[in-house]
Amino acid sequence: MKRTSPLLLAALVASLATIAACLPPATSAGGPPDSGPPPEPGTDLPGLGSASAPTADAVIGRIRNTLIGVDPLAGNFAKAIAQVKPNLPQMTNPVQATGLDQIPLLVYAACTDAKFVSYNVPTTGTVSANSAALVAAGMKMLDAGLAGLASQGASSGDFQAVLQALVSTLAADKATTQTMTTSFIAVCMASTTAAVSMVGY
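Heads up: these notes are all about the structure in this document.

The biggest cluster of nonpolar side chains holds 41 residues, and the ones touching the most others in it are Ile-63, Leu-67, Phe-77, Leu-106, Val-121, Leu-134 and Phe-184. If you list the elements that add at least two residues to this core, you get α2 (56–66), α3 (75–84), α4 (103–113), α5 (131–145), α7 (156–172) and α8 (180–197). Excluding residues that lie within four positions of it along the chain, Leu-106 makes contacts with Val-59, Ile-60, Ile-63, Phe-77, Ala-80, Ile-81, Val-84 and Leu-88.

On to the state of the cysteines, then. By definition, a disulfide links the sulfur atoms of two cysteines through a covalent bond. Applying the stated criterion across every chain, the model contains one disulfide. Note on cysteine connectivity: Cys-111 is disulfide-linked to Cys-188, with sulfurs 2.0 Å apart. On the sign convention where negative is left-handed, the bridge of Cys-111 and Cys-188, at about -85° about the S-S bond, is left-handed. One end of the pair, Cys-111, is in helix α4; the other, Cys-188, is in helix α8, and 77 residues separate them in sequence. One exposure class covers both Cys-111 and Cys-188, and it is buried.

Attention shifts here to the packing of α5 against α7. Interhelical geometry of α5 versus α7 gives an angle of 135° and a closest axis separation of 9 Å. Accordingly, the angle class assigned to the pair α5 and α7 is oblique. α7 is crossed by α5, and the crossing has right-handed handedness. Of the residues in α7, those in contact with Ser-131, Leu-134, Val-135, Gly-138, Met-139 and Leu-142 of α5 are Ser-156, Phe-159, Gln-160, Leu-163, Gln-164 and Val-167.

A few words now on α7. An ideal rise of 1.5 Å per residue puts 24 Å on 17 residues; α7 measures up with 24 Å between its terminal C-alpha atoms. Ser-156, Leu-163, Val-167 and Leu-170 are the residues of α7 that are buried. Viewed end-on, α7 has its buried residues packed into an arc of 65°, placing them on one side of the element. In this structure, α7 carries Asp-158, Val-162 and Thr-169 as exposed residues pointing more than 90 degrees from its buried face. Looking at the buried side of α7, the elements it contacts are α5, α6 (149–152) and α8.

When you line up the elements, Asn-93 lands in the loop between α3 and α4. A polar contact is formed between the side chain of Asn-93 and the backbone nitrogen of Val-95, at a distance of 2.8 Å.

Glancing now at the environment of Ala-147. Positionally, Ala-147 belongs in the loop between α5 and α6. Ala-147 gets classed as exposed once you look at its relative accessible area, which sits at 71%. Taking the C-alpha atoms as reference, Ala-147 lies 9.8 Å from Ala-195; in sequence the two are 48 residues apart.

This model, assessed by the stated rule, comprises two aromatic pairs. Between Phe-116 and Phe-184, the aromatic rings sit 4.5 Å apart at their centres with planes inclined by 25°, giving stacked as the arrangement. Taken together, the residues span a long stretch of sequence, with Phe-116 in the loop between α4 and α5 and Phe-184 in helix α8 at a distance of 68 residues. You can call Phe-116 buried: its relative accessible area is 13%. Take Phe-184: its relative accessible area is 1%, and that puts it in the buried class. For the ring pair Tyr-119 and Phe-184, a centre distance of 6.0 Å and an interplane angle of 50° mean the geometry is tilted. Separated by 65 residues along the polypeptide, Tyr-119 in the loop between α4 and α5 and Phe-184 in helix α8 bring together distant segments of the chain. Of the residues examined, Tyr-119 reaches a relative accessible area of 4% and is grouped as buried.

Definitions and limits used
- Residues numbered from 1 in each chain as written.
- Predicted model: local features only at pLDDT ≥ 70, side-chain atom pairs only at ≥ 80, totals over all residues.
- Heavy atoms only, no water.
- Core = buried A, V, L, I, M, F, W, Y, C linked by side-chain atoms within 4.5 Å.
- Buried < 20%, exposed > 50% of the residue type's maximum accessible area, 1.4 Å probe, protein only.
- Helix = DSSP H or I, 4+ residues; strand = E, 2+ residues; numbered from the N terminus.
- Contact = heavy atoms within 4.5 Å.
- Disulfide = S-S within 2.5 Å.
- Axes fitted to C-alpha atoms, helices over the stretch in contact; angles between N-to-C directions.
- Parallel < 35°, antiparallel > 145°, perpendicular 65-115°, else oblique.
- Left-handed = near helix turned anticlockwise from the far one by under 90°.
- Expected span 1.5 Å × (residues − 1).
- Arc of directions from axis to C-beta.
- Polar contact = N/O pair within 3.5 Å; in protein donor to acceptor, adjacent residues only side chain to side chain.
- Phe/Tyr/Trp six-rings, centres within 6.5 Å; stacked < 30°, edge-to-face > 60°.

Here it is in structure tokens:
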């Protein structure tokens, strides 16, 4: 009779233990999996804390908070929500979340509902003449979406420079005549999309 080597048995047990450790935890009768002990501090957890992606409701709330007077129950924003919401992220795990590319569509609709007067932007005149008002409107939107950090944080100058570059590009565009409406929407989209798409807050 042939005997199995103890080393071979130990290797087999170690292999089975390794495979079992890699399997997902078993659930009890359809209930949630055992959560186990809390994670160690500093552990990366997809979908939690600073690593979370915004869900559909969070995106809609962020847009509403960023733009003065925009109502998710009225106007173009409401129409876009009805069409786009099912496509927005449904989970906070940024690795598995899909639909972040839909945010600009929703932002565009909300920006068409935003009122110039709410941001002290004139409806007439040239883009060049109203450059400062457009940049100020973009900063106001960013501040509303980022809790005031756009104008008070270390990157304030960078935000202003990017918005000024956008407005200057719009003013210099000779291929299509940019109106105050199209320029306001462009600034609104840039500022609001930046504020809304941020991951982790």
